[in-house]
Amino acid sequence: MVRRIPRPLALLLAVAALLTTAWSSATAPFQGPDEPAHFNYAQHLAETGSRPSVTEGTHPDSSQSFLALNFMNLDQLAGVSFARPAWSELEVRRFDQLIEDLGEEGARDGDGPNPMAKNPPLYYAYQVVPYQVGSLGSFWDRLVVMRLASGILFLLTVAFTWLAAAEVFAATWPRTIAAGCVALLPQLTSISGTINADNLLITAWTGFLFVALRLVRRGPNVRRFLALCGFAAASLMTHGRGVAILVPLVVVVGVLLLRFRPRPAAALGWLAPGGALLAAVAAAYRLFLTPSTGAYGGEVNLGPPGGGLTIPDFLSVTWQFYFPKLPFMPLRPGPEYGFRQVFVESFFGRFATLEIAYPAVVYSVLQAIGVLLVAALVVSIVARWGAVRARWPEVAVVIVFALSMIA
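Residues numbered from 1 in each chain as written. Predicted model: local features only at pLDDT ≥ 70, side-chain atom pairs only at ≥ 80, totals over all residues. Heavy atoms only, no water.

Student: In this structure, what is going on with the overall build of the protein chain? I would like to understand it.
Tutor: If you tally the helices and strands in the protein chain, you get 19 helices and two strands. Taken over C-alpha atoms, the radius of gyration comes to 23 Å for the protein chain, in line with the 22 Å a tight globule of 407 residues would show. Overall, the C-alpha framework of the protein chain stretches about 70 × 55 × 50 Å when taken along its three principal axes. In the protein chain, which comprises 407 residues, the share counted as buried stands at 39%. Within the protein chain, contacts between residues at least 6 apart in sequence are counted, and of these 74% link residues at least 24 apart. Approximately 21,500 Å² of the protein chain is accessible, and the part contributed by carbon and sulfur atoms is 69%. Averaging the positions of the 29 positive and the 24 negative side-chain charges in the protein chain gives two centres separated by 22 Å. (Helix = DSSP H or I, 4+ residues; strand = E, 2+ residues; numbered from the N terminus. Rg over C-alpha atoms; globule rule 2.2 N^0.38 Å. Buried < 20%, exposed > 50% of the residue type's maximum accessible area, 1.4 Å probe, protein only. Contact = heavy atoms within 4.5 Å. Areas by Shrake-Rupley, 256 points an atom, 1.4 Å probe, with all protein chains shown as cover. Lys, Arg positive; Asp, Glu negative; His and termini not counted. Charge placed at Lys NZ, Arg CZ, Asp CG, Glu CD.)

In structure tokens, the structure reads:
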């Protein structure tokens, strides 16, 4: 028998569906962060069966995308809040005629260079189905259906958040708060209405957290650990930042062995299938999917040209991300971009191609509230230290999960 969906969760899923649909409709085409590049990756994969190149090729955008960006004035919108797209009926009819004149080759020639081609293909393979469904209609229908497919991932993220909270809290209200914080987060709802691989990465991590908490609470078995490794594999095959999921994966294994102390044969029985899945994914990526510029397109090489980032450099850069530069530290390269920009402005909302923002005072208030909430969390942990210690497996998973993502 299918379990009845709790009423608060059903309401949150309905609201999340409404919000992601609204964003997919209200955001002008190709105005999500890096949306043209994400779309072109998915289109090239759907049309040719292969990925575009990171560094080579003659068309970064397909001829269809290039026409849409330029003829409909969409390319001028990014970063320019007063610009407007073409919208007259005559322009739409002319665009449809030009798309028809391009023929099938106009959808197949976006071979690169595409900066998103450094990403593994899992999200873009997922988008192949909505791309083909949308292709039954117009060029714009295809874009809308692909955006709605990202919205489905958002709904899964909300559901996984509820399930993860259910592994920690017996009462309904903290589960509702946890899932509501996800379902109503403006930045997340905005991204979910666009074509962006981050949507799958977020879903994979949230699903991983749910399964990890269930494992350390209820004990290991083949099915649960295989599901955990499946989410880890999805993270690895979605984005370079997905590599960070290996840290909580190792910690979960350590907690399971420490808490349940299985016999070696039993441990090997539930570890082997998940380990084999990860090994197969790693081998497939290494042999068939690694770009010519290195793993994840060289994304993890943060140092100067020709050299990697040293440990002192990493510590210096990390310190300056959160705190003012100390006298003995070299100046951090790049623009002024740190804690406030990431954990306040970008987290709560910078929209379109990140140029649409709330007034600065809103972010200052959100930052102050965030500091107060962190302080309240610390006080709560101290006040209920006995209860926290009794749930140490779940606490360890959540802490490592958060810190590995941030680090």
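Still more ground to cover, so stick around.
Student: Honestly, the nonpolar core in this entry has me stumped. Any pointers?
Tutor: Nonpolar side chains in soluble globular proteins generally cluster together in the buried interior. Ranked by internal contacts, the top residues of the largest apolar core, which has 35 residues, are Phe208, Phe225, Leu228, Leu249 and Val252. At the level of elements, α8 (139–166), α11 (198–218), α12 (222–236), α13 (246–260), α14 (264–289) and α19 (392–406) are the ones that each hand at least two residues to this core. Sorting elements by how many residues they give to this core places α11 first, with ten residues. The residues contacting phenylalanine 225, other than those within four sequence positions of it, are Leu215, Leu249, Val253, Trp270, Leu271, Gly274 and Gly275. (Core = buried A, V, L, I, M, F, W, Y, C linked by side-chain atoms within 4.5 Å.)

Student: Where do I start with the packing of helix α2 (residues 35–48) against helix α3 (residues 63–71) in this structure?
Tutor: When two helices pack together, their arrangement is captured by the angle between the axes and the distance separating the axes. Look at α2 against α3: their axes get within 10 Å of each other, and the N-to-C directions meet at 155 degrees. One finds that α2 runs roughly antiparallel with respect to α3. Relative to α3, α2 is oriented so that their crossing is right-handed. Residue-level contacts link Pro36, Phe39, Asn40 and Gln43 of α2 to Gln64, Ser65 and Leu69 of α3. (Axes fitted to C-alpha atoms, helices over the stretch in contact; angles between N-to-C directions. Parallel < 35°, antiparallel > 145°, perpendicular 65-115°, else oblique. Left-handed = near helix turned anticlockwise from the far one by under 90°.)

Student: Where do I start with the environment of arginine 286 in this structure?
Tutor: With respect to the helices and strands, arginine 286 occurs in helix α14. Each C-alpha atom of the pair arginine 286 and glycine 275 lies 16 Å from the other, and the pair is eleven residues apart in sequence.

Student: Explain the pattern of salt bridges to me, please; I cannot follow it from the model alone.
Tutor: Opposite charge on two side chains permits pairing when their charged atoms draw close. Scanning the entire structure with this criterion turns up ten salt bridges. Linking arginine 217 and glutamate 167 is a salt bridge whose minimum nitrogen-to-oxygen distance equals 2.7 Å. With arginine 217 in helix α11 and glutamate 167 in the loop between α8 and α9 (172–183), this pair connects stretches of sequence that are 50 residues apart. The class for glutamate 167 is buried, based on a relative accessible area of 2%. (Salt bridge = Lys/Arg side-chain N within 4 Å of Asp/Glu carboxyl O.)

Student: Even after reading the chapter, I still don't get the side chain of serine 65, so can you show me in this structure?
Tutor: Within the fold, serine 65 resides in helix α3. Serine 65 has contacts with Phe30, Phe39, Asn40, Gln43 and Phe139, leaving out every residue within four places of it along the chain.

Student: Explanation requested: the side chain of asparagine 196 in the structure shown.
Tutor: Its place among the elements puts asparagine 196 in the loop between α10 (186–192) and α11. The residues contacting asparagine 196, other than those within four sequence positions of it, are Pro33, His38, Tyr123, Ser150 and Ile191.

Student: Any chance you could explain a nonpolar patch on the surface here in plain terms?
Tutor: Taken together, the side chains of Trp319, Tyr322, Phe323, Phe339, Met405 and Ile406 present a nonpolar region at the surface, about 550 Å² in accessible area. Tracing the backbone through its elements, the reader meets phenylalanine 323 in the loop between α15 (311–322) and α16 (339–348). (Patch = residues over 30% accessible without salt bridge, like charges linked within 9 Å, V, L, I, M, F, W, Y side chains within 5 Å.)

Student: Quick question: what am I supposed to make of the packing of helix α1 (residues 7–26) against α9 here?
Tutor: Contact geometry for α1 and α9: axes closest at 10 Å, N-to-C directions at 5 degrees. Judged on the interaxial angle alone, α9 and α1 are roughly parallel. In this structure, α1 contributes Pro8, Leu12, Ala16 and Leu19 to the contact, and α9 contributes Thr172, Thr176, Ala179, Gly180 and Ala183. Of the residues that constitute the contact of α1 with α9, the class distribution is six nonpolar, three polar and no charged. (Nonpolar A, V, L, I, M, F, W, Y, C, P; charged D, E, K, R; others polar.)

Student: Just to check I follow, could you spell out unusual backbone geometry for this structure?
Tutor: Across the chain, the bulk of peptide bonds are trans and the bulk of non-glycine residues have phi less than zero. Between glycine 112 and proline 113 the backbone carries a cis peptide bond, its omega angle lying at 5 degrees. For proline 113, the position within the fold is in the loop between α5 (105–108) and α6 (122–126). For phenylalanine 30, which is not glycine, the phi torsion reads 65 degrees and is therefore positive. Its place among the elements puts phenylalanine 30 in the loop between α1 and α2. For leucine 354, which is not glycine, the phi dihedral falls at a positive 75 degrees. Its location among the elements puts leucine 354 in the loop between β1 (350–351) and β2 (356–357).

Student: Please clarify how the packing of aromatic side chains should be interpreted in this entry.
Tutor: The geometry of an aromatic ring pair is captured by the separation of the ring centres together with the interplanar angle, meaning the angle of the planes. Taken as a whole, this structure holds 27 aromatic pairs when the rule is applied. Measuring from centroid to centroid gives 6.4 Å for tyrosine 123 and tyrosine 126, while their planes differ by 40 degrees, and the two rings are tilted. Here tyrosine 126 and tyrosine 123 lie together in helix α6, a separation of three residues that amounts to about one turn. A relative accessible area of 28% means that tyrosine 126 is categorised as partly exposed. Measuring from ring centre to ring centre gives 5.6 Å for phenylalanine 351 and tyrosine 358, while their planes differ by 90 degrees; the resulting arrangement is edge-to-face. Classification of phenylalanine 351 as buried rests on a relative accessible area of 10%. (Phe/Tyr/Trp six-rings, centres within 6.5 Å; stacked < 30°, edge-to-face > 60°.)

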